[in-house]
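Single-letter residue listing:
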Amino acid sequence: MKKTLFAAALLAAALAPAASAKTVPQMRNEFVSACVQSATSGSNGLNRQLARTLCGCTFDETAKQYPAAQWKRTLEQYDRTGRDPVFDRRMRTSSEACVRRHVRR
């Protein structure tokens, strides 16, 4: 259940605004904030600390799959279109790895 909630939160957070003038650290902060807000809402939400850990881990793990310059462009493009199957797949894979690492110890 938590894995499903977290995956839904990630998709919502990935659509959070990220203007091209922003830096990657600013985009990360916005992503984590939106992801935490989404992951902790509702009666079945995650606790805030775990959500922050999972959201930050997911962003960082997904970023490792892109060269630095391409990562920023990918975030900006996804913000504009909301469509990128490769990005979606990589983010989902990263989130699953983060859940295994931080929840299933």
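**Student:** How would you sum up helix 2 (residues 24–40)? Please name residues and give values.
**Tutor:** Counted at 1.5 Å a residue, the expected span for helix 2 with its 17 residues is 24 Å, and the 24 Å between its end C-alpha atoms agrees. Every buried residue belonging to helix 2 is among Met 27, Phe 31, Val 32, Cys 35, Val 36 and Ala 39, and all of these are buried. Each buried residue of helix 2 sits inside an arc of 160 degrees when the element is viewed along its axis, so together they form one side. A positive phi of about 85 degrees marks Gly 42, the residue just after helix 2.

**Student:** Can you explain the nonpolar core? Please cite residues and give values.
**Tutor:** Grouped together as the largest cluster of nonpolar side chains are 22 residues, with contacts concentrated most on Phe 31, Leu 46, Leu 54, Trp 71, Leu 75 and Phe 87. Elements with a minimum of two residues in this core: helix 2, helix 3 (48–63), helix 4 (68–81) and helix 5 (85–102). In terms of residue count, the dominant contributor to this core is helix 3 (7 residues). Residues within four places of Leu 75 in sequence aside, it is in contact with Met 27, Phe 59 and Phe 87.

Conventions and cut-offs
Residues numbered from 1 in each chain as written. Predicted model: local features only at pLDDT ≥ 70, side-chain atom pairs only at ≥ 80, totals over all residues. Heavy atoms only, no water. Helix = DSSP H or I, 4+ residues; strand = E, 2+ residues; numbered from the N terminus. Expected span 1.5 Å × (residues − 1). Buried < 20%, exposed > 50% of the residue type's maximum accessible area, 1.4 Å probe, protein only. Arc of directions from axis to C-beta. Core = buried A, V, L, I, M, F, W, Y, C linked by side-chain atoms within 4.5 Å. Contact = heavy atoms within 4.5 Å.

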